[in-house]
Amino acid sequence: MSARISASLVVNDSGEIACMSCGHALGPSGQPWKNAATLSKTPLQGAAGEPYSNAANVLLRKFYCPSCATLLDSESALEEDPFLNDVVHI
Ligand SMILES: [Zn+2]
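1. Description of the sheet that holds strand 6 (residues 58–64)
Working step 1: Spatially, 5-6-7 is the arrangement adopted by the three strands of the open sheet, whose pairing is antiparallel. Of all the strands in the sheet, just strand 5 (38–43) and strand 7 (71–78) have a single pairing partner and so form its edges. In this sheet, neighbouring strand axes are inclined to one another by 20° on average, regardless of whether the strands run parallel or antiparallel.

Right under this line is the structure:
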């Protein structure tokens with residue numbers, strides 16, 4: 001039995017957070033998983049048009065499954081900010 005924890009992530013039978021599309025495990029449930037994902041960083045400026053044109057220092061981070069490249073999560077942050085870790089307890 002696996003438990004769905006977001007639109008793209010599940011906790012599998014072994015208690016690991018895993019990609020819902022391919023089952024690739026990203027680490028134990030209850031721990032931050034983003035370090036195990038493939039990270040893409042894009043300046044937010046220009047990414048979303050005029051409303052964000054003053055956001056010169058803001059990055060759009062996208063976290064992809066390293067196995068199947070499904071987009072798992074995204075966040076906007078300054079370069080020096082740590083990852084926004086959602087720790088899920090079930
Ligand atoms: Zn995957």
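2. Quick look at the sheet that holds strand 1 (residues 3–4)
Working step 1: Reading across from one edge, 1-2-3-4 is the order of the four strands in this open sheet, with antiparallel pairing throughout. Each of the sheet's edge strands pairs with one partner strand only, and the pair in question is strand 1 and strand 4 (25–28).
Working step 2: Sheet topology places strand 3 (residues 16–19) next to strand 4; three bridges connect them, and they run antiparallel. By the bridge assignment, Glu 16 is partnered in strand 4 with Pro 28.

3. Regarding the nonpolar core
Working step 1: Core analysis: the largest hydrophobic core is formed by 11 residues, namely Leu 9, Val 11, Ile 17, Ala 18, Cys 19, Leu 26, Trp 33, Ala 37, Phe 63, Cys 65 and Leu 72.
Working step 2: Of all the elements in the fold, those that place two or more residues in this core are strand 2 (9–11) and strand 3.
Working step 3: Among the elements that line this core, the one with the most residues is strand 3, at three residues.
Working step 4: The contact partners of Trp 33, leaving out residues within four places of it in the chain, are Ile 17, Leu 26 and Gly 27.

Cut-offs used in this document
- Residues numbered from 1 in each chain as written.
- Predicted model: local features only at pLDDT ≥ 70, side-chain atom pairs only at ≥ 80, totals over all residues.
- Pairing = 2+ DSSP bridges.
- Helix = DSSP H or I, 4+ residues; strand = E, 2+ residues; numbered from the N terminus.
- Axes fitted to C-alpha atoms, helices over the stretch in contact; angles between N-to-C directions.
- Core = buried A, V, L, I, M, F, W, Y, C linked by C-beta atoms within 7 Å.
- Buried ≥ 20, exposed ≤ 12 C-beta atoms within 10 Å, placed from the backbone.
- Contact = placed C-beta atoms within 7 Å.

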